[in-house]
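Remarks on the overall topology
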Amino acid sequence: MIDLRSDTITRPTEEMRRAMYEAEVGDDVYGEDPTVNRLEEESAQVLGKEAAMYVSSGTMGNQVAILTHTSPGTEVIMEANAHIYYYEAAAASAFAGIQPRPLPGDKGILSPELVASAIRPDDVHLPPTSLICLENTHNRGGGRIVPLENMRMIYNLASQNNLPVHLDGARIFNASVASGVPVKEYTACTTSIQCCFSKGLGAPVGSIVAGPAYFIEEARRWRKRLGGGMRQAGVIASACLVALKTMIDRLADDHTNARLLAEGLAGLKGLEFDPADVDTNIVIIKPQHIHPQQFNEELKKRNILASVMEPDMIRLTTSKEVSRRDIETAVMAIKDILIN
Ligand code: TLP
């Protein structure tokens, strides 16, 4: 099977498995796991933040950040296709008691003017705005890179209004590698960031939340409340340290493969798709005359796995588990489906 469903399907490398076996561990709830401590210190440094905290998943990272920044009855501005809005099972409403304010973006990119107009004035009828969430790269936007200047404008706007900005940076290293913009420049336009080790970076488990020291201190309490305090977590954190050290630059290979896929699909009849929309490792196509679910079934018959992204999109994601050859096979299979 050629698995293009997600970059979450990546398996740990040999070096990761060795590091996991050899990891020095302690009880992280006591702050005594040396490997977790090292991961948190190194991540904070790489992301240009004062402190960082290891969490079990990207979803937990985002939710802990929202819980820490906000209070119930306030409003959080986010893009209408953001992972936080679309794919976290309404966790922010269920746990933080916030009201999401989803704004339409252009392939995930929010206009600063629209954000400015959505910040609530002080009025007893209105929920106070408590947070602005961004996502870079943007998953449902097709792995789109949110331009640094766009983030800067929104961050400045937030600062003028005393609002924090949280970045869902599940794939921020993809953005940095593809754009050449150092990751710290992106994170300088945020108060907090969540970043995943278990996507293109290939580690088996975990994300990091980074931000100011006072924020991380409070976030630790929220992680514990959610049952996210882990004990000898160095066993999994060790693989994340290997990911930080060895897996960032290779994301360029995934981008090259996604570009190859995009060029192979360019101009095909029966497919709504613009190769210029592909910035990183995600390719989103819209089959025009066949239901996406059926298209997916046809792919499966040809040994290819893809994701159906409702209502009408198919997502193809490159990762270290997918070779150039696999991409060529996938292009041929898609052509075959469209012809028949
Ligand atoms: N995304 C998954 C699915 O949930 C859709 C995927 O296959 O892409 N932020 C972004 C931008 C994400 O894409 C994801 C995972 C998360 C957060 C959540 O990470 P996990 O799965 O670790 O909770």
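Above this text you will find the structure in question.
Cut-offs and rules
- Residues numbered from 1 in each chain as written.
- Predicted model: local features only at pLDDT ≥ 70, side-chain atom pairs only at ≥ 80, totals over all residues.
- Heavy atoms only, no water.
- Helix = DSSP H or I, 4+ residues; strand = E, 2+ residues; numbered from the N terminus.
- Rg over C-alpha atoms; globule rule 2.2 N^0.38 Å.
- Buried < 20%, exposed > 50% of the residue type's maximum accessible area, 1.4 Å probe, protein only.
- Pairing = 2+ DSSP bridges.
- Contact = heavy atoms within 4.5 Å.
- Axes fitted to C-alpha atoms, helices over the stretch in contact; angles between N-to-C directions.
- 1 Å grid on protein atoms, 1.4 Å probe; cavity = no way out; pocket = protein on both sides within 12 Å on 5 of 7 lines; lining within 4 Å.
- Points joined across faces, edges and corners; volume = space filled by probe spheres on them.
- Nonpolar A, V, L, I, M, F, W, Y, C, P; charged D, E, K, R; others polar.
- Domains from an automatic or database assignment.
- Near = heavy atom within 4 Å.
- Polar contact = N/O pair within 3.5 Å; in protein donor to acceptor, adjacent residues only side chain to side chain.
- Areas by Shrake-Rupley, 256 points an atom, 1.4 Å probe, with all protein chains shown as cover.

Further remarks concern the overall build of the chain. When helices and strands are tallied, the chain shows 14 helices and 13 strands. Expected size for 340 residues packed as a compact globule is a radius of gyration near 20 Å; at 20 Å, the chain falls within 12% of this value. If you line up the chain on its principal axes, its C-alpha atoms span 60 × 55 × 35 Å. Considering the chain as a whole, with its 340 residues, one finds that 57% of them fall into the buried category.

Turning to the sheet that holds strand β9 (residues 271–272), a few remarks are in order. Spatially, β9-β10-β13-β12 is the arrangement adopted by the four strands of the open sheet, whose pairing is antiparallel. At either end of the open sheet lies a strand with only one pairing partner, and these are β9 and β12 (307–309). As defined by bridge partners, β9 adjoins strand β10 (residues 282–287) across two bridges and the pair is classed as antiparallel. In the sheet register, L271 faces β10, and the bridge partner there is P287. Relative to the sheet, helix α12 (residues 251–265) contacts β9, β10 and β13 (313–317), its axis offset from that of β10 by approximately 20°.

Moving on: the sheet that holds strand β8 (residues 207–211). The strand order across the open sheet built from seven strands is β2-β8-β7-β6-β5-β3-β4, with neighbouring strands paired in mixed fashion. Strands at the two margins of the open sheet, each flanked by one partner only, are β2 (51–55) and β4 (99–103). Across the sheet, the axes of successive neighbouring strands diverge by a mean angle of 20°, strand direction being ignored.

Our next topic: the layout of surface pockets. Reported here for the largest pocket is a volume of approximately 360 Å³. What lines the largest pocket is a set of 18 residues, and nearest its centre among them are K107, R140, I284, K286 and M313. Sorting elements by how many residues they give to the lining of the largest pocket places β10 first, with four residues. For the lining of the largest pocket, the per-class residue count stands at six nonpolar, five polar and seven charged. Domain assignment of the residues forming the lining of the largest pocket places at least three in each of domain 1 (7–246) and domain 2 (250–339).

Moving on to the site of the ligand. Near the ligand you find 16 residues, and of these S6, G58, T59, D168 and R171 are the closest. Here an oxygen atom of the ligand and a side-chain polar atom of R171 are 2.8 Å apart. Contact distances for the ligand include 2.9 Å between an oxygen atom and a side-chain N or O atom of R315. Coverage of the ligand by the protein chains reaches 81% of its 510 Å² of free accessible surface. Counting residues per element, the shell around the ligand draws most heavily on helix α3 (residues 58–69), at three residues.

So yeah, pure geometry; function would need other evidence.
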